[in-house]
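# A structural walkthrough
Okay, here's what each chain looks like letter by letter:
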Amino acid sequence: MTLEPDICYAAMQARDSRFDGEFFVGVSSTGIFCRPVCTVRLPHRDRCTYYANAASAEAAGYRPCLRCRPELAPGSSRVDAVSRTAARVFARIDAGALTDDSLDALAAEFDLSARQLRRVVEQEYGVSPVQLAQTRRLLLAKQLIADTQLPMADVAFAAGFSSVRRFNHLFRSRYGMNPTAMRRGTAAAEAGRVVLKLGYRPPLHWEGLAGFLSSRGATVVERVDRGVYRRTVQVGETTGWLQAEPDTGKHQLRLTVSESLVPMLRHLLAGVRHLFDLNASPAAIDAYLGQDALMAGFVQRAPGLRIPGALDGFEVALRAILGQQISVKAATTVFGRFAQTFGRPVDTPWPELSRAAPTAEVLAQAPLQQIIDQGMTQRRAQTVQTLARCVADGEIVLTPSADVAATQVALLALPGIGPWTVQYLTMRALGQPDALPASDLGLMRAAACDKPAELLARAEAWRPWRSYAAMHLWQSLTRPD
């Protein structure tokens with residue numbers, strides 16, 4: 001990350017965890033250096049100096065903050081490798097990695113032994129990987145108890161506990177009460193579905209977010225109906241559906257999930273938050289982008305516009321490859337053929353939603369000619385299948401917990417994948433806030449730029465929020481003059 005003062009200060013204002021470890025800030029009035037996510041009162045801009053690593057801040061005479069503890073920040077340098085690995089492990093555990101897989105299996109993902117993994121996590125967070133997983137399960141169970149009328153046995157298993165007895169014991173020991181004592185109200189359960197609430201920081205431009213997602217999917221996979229976003233879901237071998245809509249008068253989404261997906265909630269909820277970018281700080285992002293002459297009007301018309309993420313990074317990657325050098329509408333048509341041919345049938349309350357998106361595992365094994373028959377050139381079909389095999393084999397990971405730099409290098413090494421696709425996936429599948437597909441014709445047209453280099457130069461003023469700026473530019477193209 002470039003240590004440009006305006007860019008760094010904007011990241012501090014947002015306290016966005018995606019910048020944690022990218023730089024440190026020394027505050028001249030206190031003599032202390034902090035992480036950009038520190039919760040102390042924001043220092044004045046002219047009192048801040050920025051450093052690429054903690055050692056540089058210490059060499060300049062600053063001492064570490066006792067609140068945010070700079071030594072725990074995930075880093076990008078070799079000396080910070082332990083912190084960086086711990087952060088990625090934390091993200092995998094948060095997504096339910098230790099629910100179905102063993103500690104040995106999780107450690108193997110990072111080329112570590114189980115003992116090394118425990119040491120890395122304990123060094124950074126002060127607890128073991130198992131304790132982190134237990135906390136995550138308990139928090140999910142608490143939400144299910146408060147927001148649903150699921151039987152306690154279903155709550156226990158949905159949260160990832162292997163037995164009701166273990167769930168009851170851990171709940172009582174951690175929270176000092178029986179699980180049933182925490183249940184609120186007596187609202188009747190909705191047959192065949194579970195309703196949950198997901199909070200976010202306002203504002204939220206729901207129309208732009210849901211519209212972008214539905215316009216780049218397949219109508220048999222996802223669609224928006226009168227402001228309600230619906231889509232099919234496949235998690236492993238389990239299929240189902242979800243729908244989401246803003247909860248009127250509250251800063252939260254009302255998420256409805258099919259009963260078939262209840263056992264997979266621990267995997268699904270992290271993906272939904274990524275899909276809708278619910279962890280963003282849009283007020284700070286909008287305030288920063290709004291200082292730019294071009295962006296000011298866009299931000300005013302679409303406050304709280306988010307980065308559309310992904311439930312499955314491969315789905316976004318497939319759609320991106322299909323969209324190379326053709327229109328959004330044409331790519332959507334081709335993606336629909338892929339869903340009809342390779343997607344698994346899904347039973348939903350809406351007949352038009354009937355297929356899950358194709359998975360990497362299916363396309364990796366499909367005959368190449370069958371992929372070509374969907375309207376692909378042989379070269380592009382080979383790109384699709386090569387990427388599918390890499391994702392299915394675990395050689396490329398397209399999730400927010402992936403190593404961003406390593407993933408970008410691996411993607412660029414594949415024939416048929418260039419900088420535009422890599423930046424688009426960095427933005428949507430990896431969830432990075434400062435990506436920019438600079439060669440995108442729509443972005444260049446919206447920004448009145450003739451060449452990618454011109455757009456890149458123009459976009460320096462939008463860092464570290466170029467992903468959000470790109471969304472505003474795309475959004476501007478969908479508005480009538």
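The preceding data block contains the structure.
The present account deals with the structure reproduced in this document.

Thresholds, definitions, all that
Residues numbered from 1 in each chain as written. Predicted model: local features only at pLDDT ≥ 70, side-chain atom pairs only at ≥ 80, totals over all residues. Heavy atoms only, no water. Helix = DSSP H or I, 4+ residues; strand = E, 2+ residues; numbered from the N terminus. Polar contact = N/O pair within 3.5 Å; in protein donor to acceptor, adjacent residues only side chain to side chain. Contact = heavy atoms within 4.5 Å. Core = buried A, V, L, I, M, F, W, Y, C linked by side-chain atoms within 4.5 Å. Buried < 20%, exposed > 50% of the residue type's maximum accessible area, 1.4 Å probe, protein only. Phe/Tyr/Trp six-rings, centres within 6.5 Å; stacked < 30°, edge-to-face > 60°. Lys NZ or Arg CZ within 6 Å of the ring centre and 35° of its normal.

### Some points on the side chain of Thr232
- If you trace the backbone, Thr232 turns up in strand S7 (residues 228–235).
- Among the polar contacts made by the side chain of Thr232, one reaches the main-chain carbonyl oxygen of Arg355 at a distance of 2.6 Å.
- Excluding anything up to four places from it in sequence, Thr232 contacts Val220, Val221, Gly240, Trp241, Val346, Thr348, Leu353, Ser354, Arg355, Ala356 and Ala357.

### Observations concerning the nonpolar core
- With 86 residues, the main nonpolar core has Leu289, Phe338, Leu363, Leu387, Leu455, Trp462 and Trp465 as its most contacted residues.
- Aside from chain neighbours lying at most four places away, what touches Phe338 is Leu318, Leu322, Gly343, Pro358, Leu363, Ile371, Gln374 and Met376.
- Within the second largest apolar cluster, 43 residues are counted, among which are Leu138, Phe167, Val235 and Val257.

### What to know about the packing of aromatic side chains
- This model, assessed by the stated rule, comprises 15 aromatic pairs.
- Between Phe23 and Tyr50, the ring centres sit 5.8 Å apart and the planes meet at 80°, which makes this aromatic pair edge-to-face. Of this pair, Phe23 sits in the loop between helix H1 (5–14) and strand S1 (24–27) while Tyr50 sits in strand S3 (residues 48–51), placing them 27 residues apart in sequence.
- In this structure Phe23 comes out as buried when scored by relative accessible area, which is 0%.
- Relative to Phe33, the ring of Phe24 has its centre 6.1 Å away and its plane inclined at 80°; by these criteria the two rings are edge-to-face. For the pair formed by Phe24 and Phe33, the shared burial category is buried.
- Grouped by ring-pair contacts, the aromatic residues Phe161, Phe167, Phe171 and Tyr175 constitute a single cluster.
- Here the basic side chain of Arg216 rests over the ring of Phe212, its NZ or CZ set 3.8 Å away from the ring centre.

### Some remarks on the environment of Ser467
- With respect to the helices and strands, the residue Ser467 is situated in helix H23 (residues 466–477).
- In this structure, the C-alpha to C-alpha distance between Ser467 and Gln423, residues 44 residues apart in sequence, is 9.3 Å.
- In this view, Ser467 contacts Ile307, Met427, Gln432, Pro433, Asp434 and Ala435; residues no more than four positions away in its chain are not counted.

### Some words on helix H12 (residues 282–289)
- Extensive coverage of H12 is indicated by the burial of 6 of its 8 residues.
- Looking at the packing, one finds that the buried side of H12 touches H1, helix H13 (293–301) and H23.

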